[in-house]
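Fold and contact review
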Amino acid sequence: MFLNTRWSIEASWSQRRLRVFEPTVSEVVAVAPLLAAFYNDSHNSAMLTNTRELTVSEVVETFESLRAAGDRPFLLEQDGELMGDADFRHVEGSEAEFAILVGPRAQQSRGLGTRFAAMMHVAALRVLGFERVYATIIPTNIASRRMLEKLGYQVDRSSRAARFAEAEDDIVMSINPVQFERTHGELLMQAVVTAQITPPG
């Protein structure tokens, strides 16, 4: 799954330049204080069901552990400014779980998260080869559910989906390439995908 390749996807949106990319360790270190602030925001923390504040070093360690496990963490930028992060985790063959956070409260619920999420799924389908992606949300996270539905996600009550639920009332949704192409086929063709090969280790 191109573990030594770091992918970048760029696209225009509302006269802004958006980019989602797999960062190097030094790039993560540079933005870790801001990411920690995003995660420790009271609203964001509640939606993510975080039970404690994350330190800057823990943010860096999380990115490193995801990469070491074969997962794919990304950073999100708008016109070169950090907006949050997203990842495909629990990768098993052609399946993975998707998670995303647009950190600044002023940028939430304005369509930006949906656009970033769509670009992440361009990566999932065009270069990472996932055939089904899952996402888990808590019942009160209405905004995230609407975002996922706009991408083409549907509630998934299968036993495979149930693996990703952390609480009994978690809602698990999933999407496959056909469902995503129905809603964002144009983006699949227009997004600019580039790769940087990095040495192993």
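Structure first, text after, so check above.
Report follows, based on the coordinates. Values in this document were obtained by computation on a predicted structure and should not be read as measured data. (Residues numbered from 1 in each chain as written. Predicted model: local features only at pLDDT ≥ 70, side-chain atom pairs only at ≥ 80, totals over all residues. Heavy atoms only, no water.)

Regarding the layout of surface pockets
- Approximately 1,300 Å³ is the volume attributed to the largest pocket.
- Along its surface, the largest pocket is lined by 49 residues, and Met-47, Leu-48, Ile-100, Asn-141 and Ser-144 are the ones closest to its centre.
- Here the lining of the largest pocket is composed, by residue class, of 24 nonpolar, 15 polar and 10 charged. (1 Å grid on protein atoms, 1.4 Å probe; cavity = no way out; pocket = protein on both sides within 12 Å on 5 of 7 lines; lining within 4 Å. Points joined across faces, edges and corners; volume = space filled by probe spheres on them. Nonpolar A, V, L, I, M, F, W, Y, C, P; charged D, E, K, R; others polar.)

Remarks on empty space enclosed by the protein
- Taken as a whole and assessed by the stated rule, the structure comprises 1 cavity of 30 Å³ or more.
- Taken together, His-121, Leu-125, Phe-130, Glu-131, Arg-132, Val-133, Ile-175, Asn-176, Pro-177 and Phe-180 make up the full set of residues lining the largest cavity.
- Mapped by element, the contributors of at least two residues to the lining of the largest cavity are helix H4 (112-126), strand S6 (132-137) and helix H7 (177-190).
- A class-by-class count of the residues in the lining of the largest cavity yields 6 nonpolar, 2 polar and 2 charged. (Helix = DSSP H or I, 4+ residues; strand = E, 2+ residues; numbered from the N terminus.)

Details of the pattern of salt bridges
- Inspection of every chain in the model, using the stated rule, returns 12 salt bridges.
- We note a salt bridge from Glu-77 to Arg-19, for which the minimum N-O separation is 3.7 Å. Highlighted residues: Glu-77 in strand S3 (residues 72-78) and Arg-19 in strand S2 (residues 16-21), separated in sequence by 58 residues.
- Residue Arg-19 is classed as partly exposed on the basis of its relative accessible area, which comes to 26%.
- Residue Glu-92 pairs with Arg-163 through a salt bridge whose shortest N-O separation is 3.1 Å. With Glu-92 in strand S4 (residues 81-92) and Arg-163 in the loop between helix H6 (159-162) and strand S8 (171-175), this residue pair connects regions lying 71 residues apart in the sequence.
- Salt bridges sharing common partners tie together Glu-92, Glu-95, Arg-160 and Arg-163. (Salt bridge = Lys/Arg side-chain N within 4 Å of Asp/Glu carboxyl O. Buried < 20%, exposed > 50% of the residue type's maximum accessible area, 1.4 Å probe, protein only.)

Brief notes about the packing of H4 against helix H5 (residues 142-151)
- At a minimum axis distance of 10 Å, the contact between H4 and H5 shows a crossing angle of 45 degrees. Here H5 runs oblique to H4, going by the angle between their axes. Considering the relative orientation of H4 and H5, their crossing is right-handed. Contacts from Gly-113, Thr-114, Ala-117, Ala-118 and His-121 in H4 reach Met-147, Lys-150 and Leu-151 in H5.
- Across the contact of H4 with H5, the residue classes tally to 4 nonpolar, 3 polar and 1 charged. (Axes fitted to C-alpha atoms, helices over the stretch in contact; angles between N-to-C directions. Parallel < 35°, antiparallel > 145°, perpendicular 65-115°, else oblique. Left-handed = near helix turned anticlockwise from the far one by under 90°. Contact = heavy atoms within 4.5 Å.)

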